[in-house]
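# Notes for the structure review
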Amino acid sequence: EDNNRLLLERLQGVRDRTARFVCVIALARGGELKATFRGEVEGRIIDQPRGSHGFGYDPLFYHEPFECTFGEALLADKKRVSHRARALAQMRKWLEQKRVG
């Protein structure tokens, strides 16, 4: 809540509130980096927190395709499009290609 209040204070008067969550996952084996995978989800920061789901900035992060904040979104929907899910999907695809190849 403190971080959300601070974010809103710092964004007062700011018109462009586009935002993104980013996740980078590193895959290593035996101390050797094998690959990294990046996932992003786009949104914007709204003026007031909405919703009680999720954590962190979720109540302020409005995701246009959902027409609500991540704090209001169903967990299953959020998991489907989250930055973490996208990074993990890339890693899963990479691992499957390595297994086939």
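Figured I'd write up the structure that's included with this text. (Residues numbered from 1 in each chain as written. Predicted model: local features only at pLDDT ≥ 70, side-chain atom pairs only at ≥ 80, totals over all residues. Heavy atoms only, no water.)

### Focus: the sheet that holds strand 1 (residues 18-29)
Selection rule: The rule for pairing is simple: two strands pair if DSSP sees at least two bridges between them. Only runs of H or I of at least four residues qualify as helices and only runs of E of at least two qualify as strands under DSSP, and these elements are numbered from the N terminus. Pairs of residues are marked as contacts when any of their non-hydrogen atoms sit within 4.5 Å. A fitted line through C-alpha atoms serves as each axis, taken over the contacting stretch for helices, and the angle formed by two N-to-C directions is quoted from 0 to 180°.
The antiparallel open sheet is built from four strands, whose spatial order is 1-2-3-4. Every other strand in the sheet has two partners, leaving strand 1 and strand 4 (68-69) as the edge strands with one partner each. Sheet topology places strand 3 (residues 61-63) next to strand 4; two bridges connect them, and they run antiparallel. Bridge assignment links His-63 to a residue of strand 4, and that residue is Cys-68. Here helix 3 (residues 83-100) sits on the sheet in contact with strand 1 and strand 2 (32-45), set at roughly 150° to strand 2.

### Concerning the pairing of strand 2
Here twelve bridges tie strand 1 to strand 2, and the two strands are oriented antiparallel to one another. Among the inter-strand pairings, Ala-28 is bridged to a residue of strand 2, identified as Leu-33. In this structure, the hairpin formed by strand 1 and strand 2 is closed by a connection of two residues, where Gly-30 is found at a positive phi of approximately 60°. Bridge analysis of strand 2 against strand 3 gives two bridges, and the strand direction is antiparallel.

### Remarks on the nonpolar core
Convention followed: We define a nonpolar core as any set of buried Ala, Val, Leu, Ile, Met, Phe, Trp, Tyr and Cys residues linked to one another through side-chain atoms lying within 4.5 Å. Remark: exposure states derive from per-residue accessible area (1.4 Å probe, protein chains only) relative to the maximum for the residue type, with buried under 20%, exposed over 50%, and partly exposed in between.
Among the nonpolar cores identified, the biggest contains 13 residues, and Phe-21, Val-41, Ile-45, Phe-61, Phe-66 and Phe-70 are the most heavily contacted of them. Elements supplying a minimum of two residues to this core: strand 1 and strand 2. Dropping the residues within four chain positions of it, Phe-61 is found in contact with Ala-19, Arg-20, Phe-21, Val-41, Glu-42, Gly-43, Arg-44, Ile-45, Cys-68, Thr-69 and Phe-70. Judged by nonpolar contacts, the second largest core, of seven residues, contains Ile-25, Leu-27, Phe-37 and Ala-87.

### A look at the pattern of salt bridges
The line we're drawing: Basic side-chain nitrogens of Lys or Arg form a salt bridge, by our definition, when they fall within 4 Å of a carboxyl oxygen of Asp or Glu.
According to the stated counting rule, one finds nine salt bridges in the structure shown. Between Arg-20 and Glu-40 there is a salt bridge whose closest N-O contact spans 3.3 Å. Pair noted here: Arg-20 is in strand 1 and Glu-40 is in strand 2, with a separation of 20 residues, a long-range link. Where Glu-40 meets Arg-38, a salt bridge forms, and the shortest distance between an N and an O atom there is 2.7 Å. Owing to a relative accessible area of 27%, Glu-40 belongs among the partly exposed residues under this scheme. The exposure class assigned to Arg-38 is partly exposed, which follows from its relative accessible area of 44%.

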